[in-house]
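Chain and residue survey
Chain residues, written in single-letter form:
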Amino acid sequence: MADKKIIAVVGATGAQGSGLVRAIMSDVNSDFTARALTRNVNSDKAKELAELGAEVVTADVDNLESLKKAFQGAYGAFCVTFFWEHFSPEKEFAQAKAMATAAKDDGLEHIIWSTLEDTRQWIPLSDSRMPTLMGHYKVPHLDAKGEANQVFTELALPTTFLLTSFYWENFIYFGMGPKKGPDGKLAITMPMGDKKLPGIAAEDIGKCAYGIFKKGREFIGKTIGIAGEHLTGAQMAEALTKALGQEVGYNDVPPEVYRSLGFPGADDLGNMFQFNRDFAQDFCGARNLDVTRGLNPSLQTFEQWLSQNKSRIPLG
Ligand SMILES: NC(=O)c1ccc[n+]([C@@H]2O[C@H](COP(=O)([O-])OP(=O)(O)OC[C@H]3O[C@@H](n4cnc5c(N)ncnc54)[C@H](OP(=O)(O)O)[C@@H]3O)[C@@H](O)[C@H]2O)c1
């Protein structure tokens, strides 16, 4: 254990980070071991990671000194931010900067930054196809991540920029599962038209990140997009219908209708789906399925994910 390379995992109790900790700790012959960062080492999720053999340490991404301490002696770090905890792109940028600064200070050899596109490179703020949000963004929870790429670059950190995809878990936890319409029929609602949305099982993100750490220098300085499948709303509805044994339709509303649904972040997600729809070729093109499977040979398709998770999907 002592000679294994330590990967410090931010968000280790969360969707992306826990997949990485589990991938590392379940590989008994690994050259790596995981250091799980959490704000609460006594939570059930943190204890589960300790039981897997991971070192569990306290750190808060809002506290630079705690990050420096948590990264000390590590070979690498997996860095992710938590937009939906605070809905602030500026805070997300500051947290990315703190992680990059700590990684620089501790001389880490490989950082994976879990990022997304800065959509303003496709739709400048002056473009009226979608509203500008919070004064400076088109898709706040994507743009600040993409903008923060420069922090890692400017510090000349040995970084792999990991472009993630829509988690299929959003059908379980994020209120995006099939809901009954006025006609009593179940449907998923996404303003995607007939365009494909790259999706992934959340745990596969961590498995891919592990694949990247294992490849080492080959992926430093590169941007790697990952997805389990690229599917249209109609294809997702069809797979849900098959898995759940009851009909699920696809409700393709216009983005402006989605933006006005009224839940927190509806405008941000409406713009995100519109971006994914209008630039589907670029967004899917950046997430190659063969490359993803090369990093993670057990990569799940939506159908495989559904066979394991269908009973967890709430049917509203
Ligand atoms: N949902 C999607 O489809 C999707 C797709 C692509 C990207 N994303 C992005 O994924 C990011 C979230 O990642 P995730 O889904 O892995 O998160 P998650 O499952 O919501 O977990 C977040 C974890 O982060 C930790 N955390 C929260 N605030 C922290 C802080 N201040 N300092 C240290 N740790 C903190 C929490 O752990 P403790 O309580 O143990 O500290 C929590 O377990 C978001 O930025 C989102 O935009 C989401």
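The structure reproduced in this document is the subject of the present report.

Rules of the game
Residues numbered from 1 in each chain as written. Predicted model: local features only at pLDDT ≥ 70, side-chain atom pairs only at ≥ 80, totals over all residues. Heavy atoms only, no water. Salt bridge = Lys/Arg side-chain N within 4 Å of Asp/Glu carboxyl O. Helix = DSSP H or I, 4+ residues; strand = E, 2+ residues; numbered from the N terminus. Buried < 20%, exposed > 50% of the residue type's maximum accessible area, 1.4 Å probe, protein only. Near = heavy atom within 4 Å. Polar contact = N/O pair within 3.5 Å; in protein donor to acceptor, adjacent residues only side chain to side chain. Areas by Shrake-Rupley, 256 points an atom, 1.4 Å probe, with all protein chains shown as cover. Nonpolar A, V, L, I, M, F, W, Y, C, P; charged D, E, K, R; others polar. Pairing = 2+ DSSP bridges. Axes fitted to C-alpha atoms, helices over the stretch in contact; angles between N-to-C directions. Contact = heavy atoms within 4.5 Å. Lys, Arg positive; Asp, Glu negative; His and termini not counted. Parallel < 35°, antiparallel > 145°, perpendicular 65-115°, else oblique. Left-handed = near helix turned anticlockwise from the far one by under 90°.

Observations regarding the pattern of salt bridges
- Applying the stated criterion to the full structure yields 15 salt bridges.
- For E85, the salt bridge identified is with R39, shortest N-O distance 3.8 Å. Within this pair, whereas E85 is found in helix α4 (residues 83-86), its partner R39 is found in the loop between β2 (32-38) and α2 (44-51), the two being separated by 46 residues in sequence. Here E85 and R39 have matching classes, each one exposed.
- In this structure, a network of salt bridges that share partners links the residues D118, R120, D143 and E147.

Concerning the site of the ligand
- Lining the immediate environment of the ligand, one finds 26 residues, of which T13, T38, T81, K145 and Y167 sit closest.
- With respect to the ligand, the side chain of N170 contributes an N or O atom lying 2.8 Å from an oxygen atom.
- Considering the ligand on its own, with 930 Å² of exposed area, one finds that the protein chains cover 84% of that surface.
- At the level of secondary structure, the elements contributing two or more residues to the shell around the ligand comprise α1 (15-25), α4, α6 (140-154) and β7 (166-167).
- Here the residues of the shell around the ligand are counted per class, giving 10 nonpolar, 10 polar and six charged.

Observations concerning the pairing of β2
- When you tally the buried positions in β2, you get seven out of seven residues, the bulk of the element.
- Taking every second residue as pointing to the same face, both faces of β2 are buried, with F32, A34, A36 and T38 on one and T33, R35 and L37 on the other.
- Relative to β2, strand β1 (residues 5-9) runs parallel, the two being bridged by five bridges. Paired with K5 across the bridge in β2 is F32.
- The sheet contact formed by β2 and strand β3 (residues 55-58) spans four bridges and is parallel. Looking across to β3, one finds that A36 is bridged to V56.

Brief notes about unusual backbone geometry
- You will see that M134, though not glycine, has its phi angle at about 55 degrees, which is positive.
- Checked against the element boundaries, M134 lands in the loop between β5 (110-115) and α6.
- One non-glycine residue, A156, lies in the positive phi region at around 55 degrees.
- Within the secondary structure layout, A156 lies in the loop between α6 and β6 (159-163).
- Residue classification places A156 among the exposed positions, given a relative accessible area of 60%.

With respect to the sheet that holds β5
- Sheet architecture is open: seven strands sit in the order β3-β2-β1-β4-β5-β6-β11, paired in parallel fashion. Here the strands that pair on one side only, and so sit at the sheet edges, are β3 and β11 (223-225). Recorded for the sheet is a direction-independent mean angle of 20 degrees between the axes of neighbouring strands.
- Taken together, the three bridges between β1 and strand β4 (residues 76-79) define a ladder with parallel strand orientation. Considered in β4, the bridge of I7 is made with G76.
- Here α6 sits on the sheet and contacts β5 and β6; the angle it forms with β5, its principal contact strand, is near 165 degrees.

Some remarks on the side chain of T292
- Along the chain, the position of T292 falls in helix α13 (residues 289-295).
- Residue T292 is classed as buried on the basis of its relative accessible area of 0%.
- Here T292 is in contact with C208, G225, I226, A227 and L299, once residues within four sequence places are set aside.

As for the side chain of D204
- Looking at the element boundaries, D204 is found in helix α8 (residues 202-215).
- The buried charged residue D204 lacks any salt bridge partner; its closest oppositely charged side chain belongs to K207, at an N-O distance of 4.4 Å.
- There is a polar contact of 2.9 Å between the side chain of D204 and the side chain of N296.
- Not counting residues within four places of it along the chain, the set of residues in contact with D204 comprises N296, S298, L299 and Q300.

Thoughts on the sheet that holds strand β12 (residues 229-232)
- Strand order in the open sheet formed by three strands is β7-β10-β12, and the pairing between neighbours is mixed. Both outer strands of the open sheet, β7 and β12, are each paired with one neighbouring strand and no more.
- As defined by bridge partners, β7 adjoins strand β10 (residues 196-200) across two bridges and the pair is classed as parallel. Bridge pairing in β10 links Y167 to I200.

Notes on the packing of α1 against α8
- For the pair α1 and α8, interaxial distance at closest approach is 7 Å and the crossing angle is 55 degrees. One finds that α1 runs oblique with respect to α8. At the point where α1 passes α8, the crossing takes the right-handed sense. Contacts between α1 and α8 involve A15, Q16, G19, L20, A23 and I24 from the first element and A202, E203, I205, G206, K207, A209, Y210 and F213 from the second.

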